[in-house]
Amino acid sequence: MTHVEAQSAGAYPLAGKRVWVAGHRGMVGSAIVRRLVAENCEVLTAGRKELDLTRQQDVEAWVEKNRPQAAFVAAAKVGGILANDTYPATFLYDNLIIEANIIKAAHDFDVEKVLFLGSSCIYPKLAPQPISEDALLTGPLEPTNEWYAIAKIAGIKLCQAYRRQYGRDFISAMPTNLYGPGDNFDLNSSHVMPALIRKAHEAKEQGLSEITVWGTGTPRREFLHVEDCADACVHLMKVYSGEGHVNVGFGSDITILDLTRLVCDIVGFKGKIVHDLSKPDGTPRKLMSSERLAELGWRPSISLERGIADTYKAFLATLS
Ligand code: GDP
């Protein structure tokens, strides 16, 4: 499908619309809010004190009162490999209940369009690479993050179910590993990118001779800057209408060891890299096929080098 055909198939301009960003304080949600400025729409958000997304009646009451026309579901309990493994109940229950509450309320109060955000960990651990959307539910998941993955798969299915049963225009996007300003830089719960930025920075500041990387360093990961992800989500909201979820990727991956070298270079740490083999590697490779998104007329524009430099700057700003 060409870009023009895609637009006419599902054209949904956002200008003048009331657009709810659920999870607007998170890394992705806040990037979507920033990106929506260019769309001339009215952005609706609800603070945690105003609305607890795990409470069904509260979500219904908020949606009934505020009447969004479109909603980005970027609210989720997220964390890196260790956090997922340590808090399985939280990752499964909170994510199930949050997405179920929002999607059901969107149906009850006639929200015209919903974009649900998942993650590349929905795919089987040993899915053929690059992973196409069709790989979903073709094999066992990576056990370290299956709790989160199961919840996100349920979210995709919920959007599909409301499409089929009620003709709702609910769609899903599956971003690859994201990084950027607003990321969680806590070493126990973060993903690898912010962890490496913090470790390299602290090692440089303290004059240490080495930094420790979890696992063997051989796993490969794909990284997309969150501003690119937000841009892709807004694009999909405007042009895409279909039952299938759409991957949102960068298009190439890198080993954790090479990523560590790149981060050290950008941060300016010149010491050694050592491995903590007591920590898990997780899935060996997780590169998504972004062909469907490219056919829909979108490509990333932020290089890994520029994105890391930008994220390092954002990290430094959190310290002052
Ligand atoms: P994943 O993509 O779901 O596996 O989540 P992560 O971003 O947490 O981890 C990606 C890879 O980076 C795994 O192989 C980790 O073992 C590795 N890694 C290396 N050092 C670190 C670190 O300091 N923190 C985290 N979270 N992962 C690290």
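Quick caveat, the model's predicted, so the values are computed rather than measured.

Each value, and the rule that gives it
Per chain, residue numbering runs from 1 following the sequence as it is written. Restriction of local features to residues with pLDDT of at least 70 applies here, the model being predicted, together with a cutoff of 80 or more for giving and counting side-chain atom pairs; totals for whole chains, interfaces and linings are based on all residues. The basis for the side-chain values is all heavy atoms of the structure; hydrogens and waters are excluded. To qualify as a helix, a DSSP run of H or I must reach at least 4 residues; to qualify as a strand, a run of E must reach at least 2; elements of each kind are numbered from the N terminus. We compute the radius of gyration from the C-alpha atoms alone; for a globule the expected value is 2.2 Å times N to the 0.38, where N is the number of residues. Classification of residues uses two cut-offs on accessible area relative to the type maximum, computed with a 1.4 Å probe and protein chains only: under 20% is buried, over 50% is exposed, and between them is partly exposed. Contacts were defined at the residue level, with two residues in contact if any of their heavy atoms lie within 4.5 Å. Using a 1.4 Å probe, the Shrake-Rupley method yields the accessible areas, and only the shown protein chains count as cover for residues. In this charge count, Lys and Arg are treated as positive and Asp and Glu as negative; neither His nor the chain ends contribute. Lys charges are placed at NZ, Arg charges at CZ, Asp charges at CG and Glu charges at CD. Arc definition: directions from the helix axis to the C-beta atoms. Of the grid points, spaced at 1 Å and generated over the protein atoms alone, those admitting a 1.4 Å probe that cannot get out make up cavities, while open sets with protein on both sides within 12 Å along at least five of seven lines make up pockets; any residue with an atom within 4 Å of a point is treated as lining. Grid points are joined across faces, edges and corners, and a volume is the space filled by probe spheres set on the points. Gly is placed with the polar residues, together with every amino acid not listed as nonpolar (Ala, Val, Leu, Ile, Met, Phe, Trp, Tyr, Cys and Pro) or charged (Asp, Glu, Lys and Arg).

A. Expanded view of the overall build of the chain. Along the backbone of the chain there are 11 helices and 13 strands. At 19 Å, the chain has a C-alpha radius of gyration in line with the 20 Å of a compact globule built from 320 residues. Seen along its three principal axes, the alpha-carbon backbone of the chain occupies a region of about 60 × 40 × 40 Å. Per-residue burial for the chain yields a buried fraction of 52% across its 320 residues. Residue pairs at least 24 apart in sequence account for 82% of intrachain contacts in the chain once pairs closer than 6 positions are excluded. Of the accessible surface of the chain, which amounts to about 14,100 Å², a share of 52% is contributed by carbon and sulfur atoms. The averaged location of the 38 negative side-chain charges in the chain is 2 Å from the averaged location of its 35 positive side-chain charges.

B. Inspection of helix 3 (residues 56-66) at higher detail. Among all positions of helix 3, only Val-59, Trp-62, Val-63 and Asn-66 are buried. Angularly, the buried residues of helix 3 cover 95° about the axis, an arc narrow enough to put them on a single face. Exposed positions of helix 3 whose direction lies more than 90 degrees from the buried face are Gln-57 and Lys-65. Next to the buried residues of helix 3 lie strand 1 (18-22), strand 2 (42-44) and helix 5 (88-108). Arg-67, located one to two residues past helix 3, shows a positive phi value of around 45°.

C. Summary view of the environment of Asn-66. Note on placement: Asn-66 falls in helix 3. For Asn-66, a relative accessible area of 17% puts it in the buried group. Here the alpha-carbon distance between Asn-66 and Leu-44, two residues 22 residues apart in the chain, equals 8.0 Å.

D. View of empty space enclosed by the protein. Using the criterion set out here, one finds one cavity of 30 Å³ or more in the structure. Quantified by volume, the largest cavity comes out at close to 60 Å³. Taken together, Ser-120, Cys-121, Tyr-123, Pro-124, Lys-125, Ile-131, Glu-142, Asn-145, Thr-283, Arg-285 and Lys-286 make up the lining of the largest cavity. Broken down by class, the residue content of the lining of the largest cavity amounts to four nonpolar, three polar and four charged.

As far as function goes, none of this settles anything; it's purely spatial.
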